[in-house]
Amino acid sequence: MTNSASQVWAKLSLAFLCLLPLAPSAISQTRPVRLAILDFGNDRTGLRAAAAIRDTLQPKEEARATTVIDRDQTNAAARGAGFEGSLNLTIQEARDIGAAIASDFYFIGEAQTLRRVPSTKPAYYESYATVFLVSARTGRLVLWERPSVQRDTPEESEKALLAILSAVEARQRYLLAVRRALEDERAERITAVENSARVIEVMSDDQSNDNQEVRAPRPYRRLKPPYPESAARAEVEATVDVLVDIDARGEVGRVEIARWAGYGLDESVIDTVKQMHFFPAQRDGVAIPMRVLLRYNFRKPPPDKSAHD
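Residues numbered from 1 in each chain as written. Predicted model: local features only at pLDDT ≥ 70, side-chain atom pairs only at ≥ 80, totals over all residues. Heavy atoms only, no water.

### Side note on the nonpolar core
Soluble globular proteins: nonpolar side chains tend toward being buried together. Here is the rule: By convention a nonpolar core is built from buried Ala, Val, Leu, Ile, Met, Phe, Trp, Tyr and Cys residues, the set being connected through side-chain atoms within 4.5 Å. Here's how the labels work: a residue is buried when its accessible area is under 20% of the maximum for its type, exposed when over 50%, partly exposed in between, all with a 1.4 Å probe on protein chains only. Residues count as neighbours in contact if any of their non-hydrogen atoms are within 4.5 Å of one another.
Counting 46 residues, the largest nonpolar core has Ile101, Tyr106, Ile108, Val242, Trp260, Leu265 and Val273 as its most contacted members. Excluding anything up to four places from it in sequence, isoleucine 101 contacts Arg34, Ala36, Leu38, Ile69, Gln73, Thr74, Ala77, Ala78 and Tyr106. Counting 29 residues, the second-largest nonpolar core is a separate cluster that includes Ile37, Ile53, Val68 and Ala181.

Listed below in structure tokens is the structure:
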């Protein structure tokens, strides 16, 4: 397997994981939903972008269904949990950060103002912000977006970006994503209570060679998820992990993100995995259902001279 710039590769893990669903505790309906916004980097644009989102999400007097946690408290707690600014987190890492912050949802991201010098037109300044909204309870990436603007001066460019992040439409978009995530999580809790799940033994990579009577599922053909244009524009390099339920016929059932990356990469992986077929896992020669880990590493494509033209 090559490591060319645009290639995506997948590794089938021999780690077999329990199928028992997680049953996170419900948010109390007697208190506001707690939101936290971490700084989007240490430079001027990053700090001001996070502040713009923080300001626009401050609860209005007429509707206090949400509350925004203090900035210093948020950043200190996240650092204490080991967060160093990564936008490519596992579900568990994301949950740990949320627990440290004591939030229900939190924003992470990055923002910069950069000078661009294209070959076909005069130089300009681009300001962009990568915005990730994460559920602290489930660790899932609820929403991602990457607004970007171009102007003749850095001041004008940054001002235009901040206007987007502080607009009423942005507030509505973020709060709608929170409400939908809350509804989805409540529905999942009900389903988890009503439906029992079969337990499958845990096996590590180290144990696999000593336990030859159990064989992992094998794909008929490895499919490569496409590298989406939304990721190419941001020149993203990231890893997406998915947990995949494969039944005794080798057919794919539930597909669940275990490490997310945003930029359309998660959706690309899910769409691809759902098209795959496997030789089923076996124990003592008998086909059995099993949950496995699939890992996809995305690398940015070769530089395109016209990318910023």
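### Looking at the pattern of salt bridges
For clarity, the cut-off: When a carboxyl oxygen of Asp or Glu is within 4 Å of a side-chain nitrogen of Lys or Arg, the pair counts as a salt bridge. Helical segments are the DSSP runs of H or I of at least four residues, strand segments are the runs of E of at least two, and each set is numbered from the N terminus.
According to the stated counting rule, one finds 16 salt bridges in the structure shown. When the shortest N-O distance is used, the salt bridge between aspartate 72 and arginine 71 registers 3.3 Å. Look at arginine 71 and you get partly exposed, because its relative accessible area is 33%. Note that aspartate 241 is salt-bridged to arginine 295, the shortest N-O span being 2.8 Å. Linking aspartate 241 in strand β10 (residues 238–246) with arginine 295 in strand β15 (residues 290–298), this pair joins segments that are 54 residues apart in sequence. Connected through shared salt-bridge partners, Asp39, Arg54, Arg71 and Asp72 make up one network.

### Structural notes on helix α3 (residues 91–101)
Keep this limit in mind: Our arc is simply the arc of the directions from the helix axis toward the C-beta atoms.
Within the span of α3, buried status applies to Ile91, Ala94, Ile97, Gly98 and Ile101. Around the axis of α3, the buried residues are gathered within 130° of arc, so they sit on the same side. Buried residues along α3 sit in contact with β2 (33–37), α2 (71–80), β4 (105–116), β5 (124–135) and β11 (252–259). Taken from the residues just after α3, alanine 102 is the one with a positive phi, measuring 65°.

No statement about biological role is implied by the geometric values presented.
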